Amino acid sequence: MGDDPHDCDARIKITIGTKKAGIVDGMFFSPQGLAFDHHRGLLLVVDTNNHRAQVLSCDDGGSLVSKLGENGNGPGQFFCPRGIAIDHDHDRIHITDTGNSRIQSWCLSDQSFLSCIGKKGSGDLEFEHPRGIAIDKHHHRIVIADSNNHRLVFLSSIDLSFLFSVGGKRGSRSGKFNYPSGIAIDDDRHRIIVSDTNNHRVQVLSSIDGSFLFEFGSEGTQPGQLKNPQGLCIANQGRIIVSESISRLQSFTHEGHLISSFDCGTKHPSAVAFDEHRGLIAFTIDNRVRVIGANQWLADTFT
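What this report covers is the structure whose coordinates are included nearby. (Residues numbered from 1 in each chain as written. Predicted model: local features only at pLDDT ≥ 70, side-chain atom pairs only at ≥ 80, totals over all residues. Heavy atoms only, no water.)

1. Considering the sheet that holds strand E16 (residues 180-186)
Reasoning step 1: Reading across from one edge, E16-E17-E18-E19 is the order of the four strands in this open sheet, with antiparallel pairing throughout. At either end of the open sheet lies a strand with only one pairing partner, and these are E16 and strand E19 (212-216). Within the sheet, the average angular offset between the axes of one strand and its neighbour, ignoring direction, is 20°.
Reasoning step 2: Alignment of strand E17 (residues 191-196) against strand E18 (residues 201-206), held across six bridges, turns out to be antiparallel. When the sheet's bridge partners are listed, isoleucine 192 is paired in E18 with leucine 205. (Pairing = 2+ DSSP bridges. Helix = DSSP H or I, 4+ residues; strand = E, 2+ residues; numbered from the N terminus. Axes fitted to C-alpha atoms, helices over the stretch in contact; angles between N-to-C directions.)

Structure below.
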């Protein structure tokens, strides 16, 4: 209570977890990744400092359905995972096992472990602190924010083979990155949206070849400016929702023009996800996950 406006915010539909970190089911320790499985009414949460992911029911107040992983460096174990993406076409869940510098794949239907790829490095199937991950369903690709290598890595979603990468040397010019963290795919416009965290901007690339299209944002705290953007997602009409280190979410048009912001109190949100079937926006803050109705913040987002 007290310093958290969400404790009495009528727009909040579900709160999962507590301010205090916990390892028991339904509690989190610094959750950093989110994904909706809108076909099944599930919300998948990467419980970063508990070294696992939790699968929760959106239709039952966030009750636990299953857990994935445990602390370690063996197959099916995690060390500080950060990102998650669902590939419905191939019945897979992909998770960036950040501390182990690899990508793990799990079966979406029964949440069983399938495989892991990658090791620490900067080669074709090597990673250095991978964070965001997204599925480009039109081009059958997985796109990964290989954060400490300052690049995006493209894998085949069919066999997880390496395809190509963009970036690779830290920089501030267009098409270069400085610790990228979040990724989302705008399927309707064939675009990749990237939170270029330490450049305090969002870059928009072509999903065909990863070429630079445009960018928006500059360092600052004013509306439309960005401060260490991290998570992002695409809502209806191509709206881009970005979480920042200054305790707010901001929404932009698909052209990068500011729509509005959502105050997150004294804690900064690190991940955000949109459920297109139920019209929900989820974000992580502190050791909790909050779920709001999209239309209660952004008019006509969900119809």
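2. Section: the pairing of strand E13 (residues 141-146)
Side-chain positions along a regular strand alternate between the two faces of the sheet.
Reasoning step 1: Here E13 lies mainly inside the structure; six of its six residues are buried.
Reasoning step 2: With burial as the criterion, each face of E13 is covered, one bearing Arg141, Val143 and Ala145 and the other bearing Ile142, Ile144 and Asp146.
Reasoning step 3: In the sheet, strand E12 (residues 130-136) pairs with E13 via five bridges, with the strands oriented antiparallel. Bridging from a neighbouring strand, isoleucine 133 pairs with isoleucine 144 of E13. (Buried < 20%, exposed > 50% of the residue type's maximum accessible area, 1.4 Å probe, protein only.)

3. Observations regarding the layout of surface pockets
Reasoning step 1: The computed volume of the largest pocket comes to approximately 1200 Å³.
Reasoning step 2: Lining the largest pocket are 47 residues, with Ile135, Ala184, Ile185, Ile234 and Phe274 sitting closest to its centre.
Reasoning step 3: Mapped onto the lining of the largest pocket, the elements with two or more residues apiece are strand E2 (33-37), strand E6 (83-87), E12, E16, strand E20 (232-234) and strand E24 (269-275).
Reasoning step 4: By residue class, the composition of the lining of the largest pocket is 20 nonpolar, 16 polar and eleven charged. (1 Å grid on protein atoms, 1.4 Å probe; cavity = no way out; pocket = protein on both sides within 12 Å on 5 of 7 lines; lining within 4 Å. Points joined across faces, edges and corners; volume = space filled by probe spheres on them. Nonpolar A, V, L, I, M, F, W, Y, C, P; charged D, E, K, R; others polar.)

4. Observations regarding the pattern of salt bridges
Reasoning step 1: Enumeration according to the criterion identifies 15 salt bridges in this entry.
Reasoning step 2: With a closest N to O distance of 2.8 Å, arginine 52 and aspartate 47 form a salt bridge. The pair arginine 52 / aspartate 47 is uniform in exposure class, with both members buried.
Reasoning step 3: For the salt bridge of arginine 201 with glutamate 215, the shortest nitrogen-to-oxygen distance reads 3.3 Å. You can see arginine 201 sitting in strand E18 and its partner glutamate 215 sitting in strand E19, a full 14 residues away along the chain.
Reasoning step 4: Residue arginine 201 is classed as buried on the basis of its relative accessible area of 5%.
Reasoning step 5: Sharing partners across several salt bridges, the network here consists of Asp37, Arg40 and Asp91. (Salt bridge = Lys/Arg side-chain N within 4 Å of Asp/Glu carboxyl O.)

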